Amino acid sequence: MAARVPVSRLALLGAPGSGKGTMAHKIRLHFGITSVASGELLRDHIYRRTEIGHRARSYIVAGRLVPDDFITHLVMRELQQRGDDGWVLDGFPRTLPQAHALECERVRLDAVLCLDVPADTIRQRLSSRWIHARSGRVYNTHFNPPRNAGRDDVTGEPLVQRLDDRPDAVVARLREYRERTQPLVTHFASRGLLHTFAGTETNKVWPEIHAFISSHVRSLG
Ligand code: ATP
Ligand code: MG
């Protein structure tokens, strides 16, 4: 059974395709901490054709970050619904104004886990990534293929590529990451919250993150 961590507030920082979603999934399985994934929230709105989805779509397709106020509002609302159980933020904060907004709202982070993956690996991963649109399940044709080519393992439904995994959008996302998200590395380091995990293989990085959470995040039980 998963060990349950009563209170822990983590954020994952890393380039597109660095494995934030995969790590968030593993953290939930092993520690029972659920994630709040800003990109998933937006994709769900797009899938359900809501007004929020309509506003976000053009930014996402172009590989640009959505406006700070817009995403901050969405994530804060989600966090308020979660109560005090703890969570892993996947994809938020991703700019300095977003980090400051969390501080203004007195949302405390226990640790920021930064996934440091080389740019070549990132580009390769994004071009071979396929997802199941309704659930957000992620596959990779190289290292995590579905059992039946092009089909989701659970529902058998067809897989699709994310709109922002197309090459021109990937270039824009990597640029946004360099220019607007990387400054957060220094920001969180100066607050003593940053813990960096480097590597090209998720399966090798995960044991380090597991060990870190086991030993650093508030008492286990
Ligand atoms: P990956 O899912 O591979 O790690 P990613 O980090 O680029 O890649 P998501 O976090 O799913 O992907 O975000 C997808 C898109 O949603 C972003 O390119 C951006 O347009 C929008 N988005 C998500 N989170 C934020 C945020 N905190 N601020 C601004 N835009 C965001
Ligand atoms: Mg993701």
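Identification of the protein chain as GTP:AMP phosphotransferase AK3, mitochondrial from Petromyzon marinus is taken from an unreviewed UniProt entry. UniProt, in its Sequence similarities (unreviewed entry) section for the protein chain, records the words "Belongs to the adenylate kinase family. AK3 subfamily."

1. Some remarks on the UniProt feature "domain: Adenylate kinase active site lid" (unreviewed entry) in the protein chain
In the numbering adopted here, UniProt assigns the feature "domain: Adenylate kinase active site lid" (unreviewed entry) to residues 129–164. For residues 129–164, helix accounts for 0% and strand for 17%, while the C-alpha atoms at its two ends are 11 Å apart.

2. Points about the sheet that holds strand E7 (residues 194–198)
The strand order E2-E3-E1-E4-E7 describes an open sheet built from five strands, whose pairing is parallel. A strand with exactly one partner marks an edge of an open sheet, and here the two such strands are strand E2 (35–37) and E7. Pairwise comparison of adjacent strand axes, ignoring direction, gives a mean angle of 20 degrees for this sheet. Looking at chain direction, strand E1 (residues 9–14) and strand E3 (residues 87–90) are connected through four bridges and run parallel. The residue of E3 that forms the bridge with Leu-10 is Val-88.

3. Brief notes about the site of ligand 1
Surveying the vicinity of ligand 1 reveals 20 residues, the closest of which are Gly-17, Lys-20, Ser-38, Arg-64 and Arg-129. Contact distances for ligand 1 include 2.9 Å between a nitrogen atom and a side-chain N or O atom of Gln-98. Bound to the protein, ligand 1 loses 96% of the 600 Å² it would expose on its own. Looking at which element gives the most residues to the shell around ligand 1, the answer is helix H2 (residues 38–47), with four residues. Split into classes, the residues belonging to the shell around ligand 1 amount to seven nonpolar, five polar and eight charged.

Cut-offs applied
- Residues numbered from 1 in each chain as written.
- Chains lettered and ligands numbered in written order.
- Predicted model: local features only at pLDDT ≥ 70, side-chain atom pairs only at ≥ 80, totals over all residues.
- Heavy atoms only, no water.
- UniProt positions renumbered as here; feature names shortened; annotations may be inferred.
- Helix = DSSP H or I, 4+ residues; strand = E, 2+ residues; numbered from the N terminus.
- Pairing = 2+ DSSP bridges.
- Axes fitted to C-alpha atoms, helices over the stretch in contact; angles between N-to-C directions.
- Near = heavy atom within 4 Å.
- Polar contact = N/O pair within 3.5 Å; in protein donor to acceptor, adjacent residues only side chain to side chain.
- Areas by Shrake-Rupley, 256 points an atom, 1.4 Å probe, with all protein chains shown as cover.
- Nonpolar A, V, L, I, M, F, W, Y, C, P; charged D, E, K, R; others polar.

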